[in-house]
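These are the residues of each chain, in order.
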Amino acid sequence: MSQDVAQGVVGELAPTGVLRVGINLSNFLLVTGKSATGEPEGVAPDMGREIAARLGVPVAYVTYKSPGQLADAVGASQWDIGLIGAEPVRAETIAFTPAYVEIEATYLVPAGSPLKSVAEVDRADVRIAVTARSAYDLWLERNIKHAQLVRSEGGDATFKQFVDEKLDALAGLRPRLLEDVEKLPGARILDGQFTAVQQAVGTARKNTAGAAFLRNFVEEAKKSGLVARLIERHNVVGRLSVAQPA
């Protein structure tokens, strides 16, 4: 980048002199722990730190309990970039990069369920438990035509509602469902997926120069092996996949 463009990018993405990185704490694949000082650790925080290093500014993490809360804060000047699932609804206010990682989303069904495939779940007599305003909830909202979506706040609450109310299917990210299925004798995870959540980096849509910089950074991070190294560093190999080049 030329010096003028670089200054414009830093002015958009770090107007306070610090890159404020919005982090969704509910995604246990991308945020795998906390440092001794309480900062989030994982693939997503490391991506934010790498972006700050490229910009030549310090990093500060702004954490949210859910992706919906992070997305809602885009216009409140709380964060400069947000690491979150890219969805059309969110893209109305957030300029997203191409995905840097993908996570498969599918269904868990209880013991004795007649449901055998992902396609069979969308029926009028089926109730699907789903975490409210997750990326896959937004996808289901657009695509489910017959089944009923039953929402809860957070993955643990969604699992509890699924069990307590004897719902017909639990929608979720496959890695989380692999843990949940161990708690329910006879339960099954359906083969295939209904979508793959595209985890991306976003900034406010007004930040056109910053958005272009972020797009280039993400593509370079995939091509150079940075994303793959972060996946390995945080022990999520086989649960996160490096997204294909845009």
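Quick look at the structure, then. Please read these numbers as outputs of a predicted model, since none were measured by experiment.

**Remarks on the nonpolar core**
Grouped together as the largest cluster of nonpolar side chains are 55 residues, with contacts concentrated most on Y100, Y107 and I128. Of all the elements, helix α2 (residues 43-55) adds the most residues to this core, at six residues. Residues L108, F162, L167 and A187 belong to the second largest nonpolar core, which totals 12 residues.

**A short note on the packing of aromatic side chains**
Taken as a whole and assessed by the stated rule, the structure comprises two aromatic pairs. Ring geometry for Y107 and F194: centres 4.7 Å apart, planes at 35°, overall tilted. Of the two residues, Y107 is situated in strand β7 (residues 101-109) and F194 in the loop between β11 (188-189) and β12 (195-204); the sequence distance between them amounts to 87 residues. Under the relative-accessibility criterion, Y107 is labelled buried at 2%. Seen from their ring centres, W139 and F194 are 5.5 Å apart, and the 35° between their planes marks the pair as tilted. Of this pair, W139 sits in helix α4 (residues 135-143) while F194 is found in the loop between β11 and β12, placing the two residues 55 residues apart along the sequence. The ring of F159 carries K183 above its face, with NZ or CZ at 4.8 Å from the centroid.

**Considering the pairing of strand β5 (residues 81-85)**
When you tally the buried positions in β5, you get five out of five residues, the bulk of the element. Here three bridges tie strand β1 (residues 19-24) to β5, and the two strands are oriented parallel to one another. Across the sheet, the residue bridging to I23 is L83, located in β5. Bridge analysis of β5 against β12 gives four bridges, and the strand direction is antiparallel. Within the sheet, the bridge partner assigned to I84 lies in β12 and is A200.

**Here we look at the side chain of D137**
Structurally, the position occupied by D137 is in helix α4. With a relative accessible area of 2%, D137 lands in the buried category. Leave out the neighbours within four places in its chain, and D137 touches V130, T131, A132, L149 and R151.

**Brief notes about the pattern of salt bridges**
Applying the stated criterion across every chain, the model contains 15 salt bridges. The shortest N-O distance in the salt bridge between E104 and R174 comes to 2.4 Å. With a gap of 70 residues between them, E104 in strand β7 and R174 in helix α6 (residues 174-180) connect regions that are remote in the sequence. Look at the salt bridges and you will find they share partners, linking D156, R176, D180 and K183 into a network.

**Side note on helix α8 (residues 226-233)**
Those residues of α8 lying buried are L226, V227, L230 and I231. In an axial view of α8, the angular spread of the buried residues amounts to 140°, which keeps them on one side of the axis. Away from the buried face of α8 by more than 90 degrees, exposed residues E232 and R233 are located. Where α8 is buried, its residues touch α2, β7, α7 (208-224) and β13 (241-242). Once α8 ends, the next one or two residues include N235, with phi positive near 60°.

**Here's the deal with the packing of α2 against α7**
Relative orientation and spacing of two packed helices are given, respectively, by the angle between their axes and the distance between those axes. Where α2 meets α7, the closest approach of the two axes is 12 Å, and the angle between their N-to-C directions is 120°. By the angle class used here, α2 and α7 are oblique. Pair α2 / α7 crosses with right-handed handedness. For the pair α2 and α7, contact is made by M47, E50, I51, R54 and L55 and by F213, L214, F217, E220 and A221, respectively. The residue makeup of the contact of α2 with α7, split by class, is seven nonpolar, no polar and three charged.

**Things to note about the environment of V121**
Residue placement: V121 occurs in the loop between β7 and β8 (127-131). On the basis of relative accessible area, V121 is assigned to the buried category, the value being 0%. As for V121 and A211, which are separated by 90 residues in sequence, their C-alpha atoms are 38 Å apart. Each residue touching V121, except ones within four places of it in the same chain, is listed here: Y107, L115, V126, I128, A147, A169 and L190.

Thresholds applied
Residues numbered from 1 in each chain as written. Predicted model: local features only at pLDDT ≥ 70, side-chain atom pairs only at ≥ 80, totals over all residues. Heavy atoms only, no water. Core = buried A, V, L, I, M, F, W, Y, C linked by side-chain atoms within 4.5 Å. Buried < 20%, exposed > 50% of the residue type's maximum accessible area, 1.4 Å probe, protein only. Helix = DSSP H or I, 4+ residues; strand = E, 2+ residues; numbered from the N terminus. Phe/Tyr/Trp six-rings, centres within 6.5 Å; stacked < 30°, edge-to-face > 60°. Lys NZ or Arg CZ within 6 Å of the ring centre and 35° of its normal. Pairing = 2+ DSSP bridges. Contact = heavy atoms within 4.5 Å. Salt bridge = Lys/Arg side-chain N within 4 Å of Asp/Glu carboxyl O. Arc of directions from axis to C-beta. Axes fitted to C-alpha atoms, helices over the stretch in contact; angles between N-to-C directions. Parallel < 35°, antiparallel > 145°, perpendicular 65-115°, else oblique. Left-handed = near helix turned anticlockwise from the far one by under 90°. Nonpolar A, V, L, I, M, F, W, Y, C, P; charged D, E, K, R; others polar.

These results come straight from atomic positions and should not be treated as a statement about function.
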